[in-house]
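Structural overview
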Amino acid sequence: MAVEKILVLNCGSSSVKYELCSVSGETCLAKGEIEAVGCEGTILVHSHADKKIKVPISARDHTEAINEVVNILISSETGIIKNKSEINAVGHRIVHGGAYFKEPAIVTEEVKKKLEDCFELAPLHTPHHLKGIMAIESILPNIPQILVFDTAFHQTIPNYAHIYGLPYRFYEKYNIRKYGFHGISHQYVTEKLSQTVGVPITDLKLISCHLGNGASVCAVLGGQSVDTSMGFTPLEGLMMGTRTGDMDPAVIPYLMSKDSLKPNEVQTLINKQSGILGISGISSDMRTVLDEYENGNSKARLAIDMFCYRVKKYITSYIGVLNGADYIIFTAGIGERSPFIRGKILENLQSLGIKISGKKNDLCVSNIAEISADDSNVKVYVVPTNEAMVIARQTRILLDNM
Ligand code: ADP
């Protein structure tokens, strides 16, 4: 079938993000987000071309929310298509595909069942992805739906890097292992860098740093993920906006007994109240913490020092894993827009052949550009991520091959 317009959906617990992509031109035709689905004060923010509108709507559940998305796409005033039959397929971003989903999958009854089996691995995300799939079944019946997984890119990580040092039976019995996340983004920036520098993907040795609210570093060899900082859940690895990142696991039972915390309370603590927010006591938002750093706030300084140090530690350990890297990529909110953080992460790495150009770094905010010094052995690039485009591309490829 000819696939041209693909609706990409990212359904969260109380939000629906969407993007209508043209696959031939690899362009975004329109995009937006519905916040507070099922709550008071639901808002739809929609943008296409240079226009951005915010409308209060009523959406009691994901089906009503996605119905509003389709309505705004076909509306005579704000719309971009004439009717819903112009949408050829829907691509869903799925956070956790467990050990079962190694590549994109077309939705069938069996696939939905497998997705349900993955619920317990990401209980805050996967049930809502399934709600989005069911909503499309009722709003756009018979349209192909493709699932693209944030974990799939990391399925190439070898067993000695993805198994934890627990008794082996837990790996066999419960599939407890490193899965890794942000795979869609790491894959996109890898492909984009390959096109930009004109080096085939199979010849690339690189380290991709996705630094947003959630953050992870990935070692990519020949286009395949060979290790990544996130683990069984997105908690492992870097210190993030509200997540601890790496920490001795013995801290958890100790804290639980000291402060009489229940498992759900400790989950909230390490996932939602820690990291940059927990250390700075100010915010999880890097911009706010950077402002306070400039005002001389010592906790803001500590939070930023910790954030940058962890990223540096992962980058340098992956240089060892890859036996040297040719490229380092920065992407996502912080990675794309903060020259200060990029500079701080890569300072004092001359002995590893990494040198940033202060001038090129300062000039680069959210555009694709090289920011390393001319005599840097490792080339450093900023590559804005575009997860929706990977999902649209993979949706088209899967449908073209049917
Ligand atoms: P998410 O992980 O939610 O997709 P983003 O990739 O949008 O997040 O990144 C959000 C983070 O990027 C926030 O911490 C935000 O403060 C940070 N950020 C955005 N713009 C800037 C900037 N100009 N300088 C520093 N940090 C920024």
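Read on for an overview of the structure. (Residues numbered from 1 in each chain as written. Predicted model: local features only at pLDDT ≥ 70, side-chain atom pairs only at ≥ 80, totals over all residues. Heavy atoms only, no water.)

1. Let's talk about helix α2 (residues 109-117)
Within α2 the residues assigned to the buried category are Val111, Lys112 and Leu115. All buried residues of α2 fall inside an arc of 100 degrees around its axis, so they share one side. Away from the buried face of α2 by more than 90 degrees, exposed residues Glu109 and Glu110 are located. (Buried < 20%, exposed > 50% of the residue type's maximum accessible area, 1.4 Å probe, protein only. Helix = DSSP H or I, 4+ residues; strand = E, 2+ residues; numbered from the N terminus. Arc of directions from axis to C-beta.)

2. A closer look at the sheet that holds strand β6 (residues 89-94)
Pairing is mixed across the open sheet formed by eight strands, whose spatial order is β5-β4-β3-β2-β1-β6-β8-β7. The two strands at the open ends of the sheet, each matched to only one other strand, are β5 (51-56) and β7 (105-106). Relative to strand β2 (residues 15-22), strand β1 (residues 5-11) is paired through seven bridges, and the arrangement is antiparallel. What sits directly across from Lys5, in β2, is Ser22. Seen against the sheet, helix α1 (residues 62-74) touches β1, β2, β3 (27-35), β4 (43-48) and β5 and runs at an angle of roughly 35 degrees to β2. (Pairing = 2+ DSSP bridges. Contact = heavy atoms within 4.5 Å. Axes fitted to C-alpha atoms, helices over the stretch in contact; angles between N-to-C directions.)

3. Comments concerning the sheet that holds strand β12 (residues 327-331)
Strands pair in a sheet through their backbones, by hydrogen bonds, and they do so in one of two ways: parallel or antiparallel. Within the open sheet, the six strands sit side by side as β11-β10-β9-β12-β14-β13. Their pairing is mixed. With partners counted over all chains shown, the strands left at the sheet margins are β11 (224-228) and β13 (369-370), one partner each.

4. Looking at the site of the ligand
Near the ligand you find 13 residues, and of these Asn213, Asp285, Met286, Arg287 and Gly333 are the closest. At 3.1 Å from an oxygen atom of the ligand is found a main-chain nitrogen or oxygen belonging to Asn213. The separation between an oxygen atom of the ligand and a polar main-chain atom of Ile334 is 3.4 Å. Relative to its free-state accessible area of 590 Å², the ligand is covered by the protein chains to the extent of 71%. Of all the elements in the fold, those that place two or more residues in the shell around the ligand are α10 (286-294) and α12 (332-337). In terms of residue count, α12 provides more of the shell around the ligand than any other element does, four residues in total. Tallied by class, the residues present in the shell around the ligand amount to four nonpolar, six polar and three charged. (Near = heavy atom within 4 Å. Polar contact = N/O pair within 3.5 Å; in protein donor to acceptor, adjacent residues only side chain to side chain. Areas by Shrake-Rupley, 256 points an atom, 1.4 Å probe, with all protein chains shown as cover. Nonpolar A, V, L, I, M, F, W, Y, C, P; charged D, E, K, R; others polar.)

5. Quick word on the nonpolar core
Formed by 44 residues in total, the largest nonpolar core has its most connected members in Ile207, Leu211, Phe307, Ile315, Ile328 and Phe330. Going through the elements one at a time, β9 (205-211), β10 (215-221), α10, α11 (298-321), β12, α13 (339-345) and β14 (379-382) are the ones with two or more residues in this core. The dominant element in this core, judged by the number of residues it contributes, is α11, at 10 residues. Beyond its immediate stretch of four places on either side in the chain, Ile315 contacts Ile207, Cys209, Val217, Ile328, Ile345 and Leu346. Grouped together as the second largest cluster of nonpolar side chains are 28 residues, Ala89, Leu193, Met389 and Ile391 included. (Core = buried A, V, L, I, M, F, W, Y, C linked by side-chain atoms within 4.5 Å.)

6. What about the side chain of Arg93?
Checked against the element boundaries, Arg93 lands in strand β6. Looking at Arg93, its side chain comes within polar contact range of the side chain of Asp150, at 2.3 Å. If we skip the residues at most four places from it in the chain, Arg93 touches Leu9, Asn10, His129, Val148, Asp150, Ile184, Glu387 and Ile391.

7. Re the packing of helix α6 (residues 183-197) against helix α15 (residues 387-400)
Relative orientation of the contacting elements α6 and α15 amounts to 85 degrees, with a least axis distance of 9 Å. Considering the angle they form, α6 stands roughly perpendicular to α15. Only Glu387, Met389, Val390, Ile391, Arg393 and Gln394 of α15 make contact with α6, whose side of the interface consists of Ile184, Ser185, Gln187, Tyr188 and Glu191. (Parallel < 35°, antiparallel > 145°, perpendicular 65-115°, else oblique.)

8. Notes on the packing of α2 against helix α3 (residues 126-139)
Viewed as axis vectors pointing N to C, α2 and α3 meet at an angle of 160 degrees, and their least axial separation amounts to 9 Å. Put simply, α2 runs roughly antiparallel to α3. Pair α2 / α3 crosses with left-handed handedness. Of the residues in α3, those touching α2 at Lys112, Leu115 and Glu116 are Thr126, Leu130, Ile133, Met134 and Glu137. When its residues are assigned to classes, the contact of α2 with α3 shows four nonpolar, one polar and three charged. (Left-handed = near helix turned anticlockwise from the far one by under 90°.)

9. Here's the deal with the pairing of β12
Counting buried residues in β12 gives five out of five residues, a clear majority hidden from the surface. Across the two faces of β12 the burial is the same, with Tyr327, Ile329 and Thr331 and Ile328 and Phe330 all buried. Pairing of β9 with β12 involves five bridges; the strand directions are parallel. Along β12, the bridge assignment pairs Ile207 with Ile328. Of the strand pairs in this sheet, β12 and β14 are connected by four bridges, and their pairing is parallel. The partner of Tyr327 across the bridge, within β14, is Lys379.

10. Quick look at the environment of Glu33
Position of Glu33 among the secondary structure elements: in strand β3. Residue classification places Glu33 among the partly exposed positions, given a relative accessible area of 24%. When the C-alpha positions of Glu33 and Lys52 are compared, they lie 11 Å apart, and in sequence the two are 19 residues distant. Setting aside residues up to four positions removed in sequence, Glu33 forms contacts with Ser15, Val16, Lys17, Tyr18, Ile43, Leu44 and Val45.

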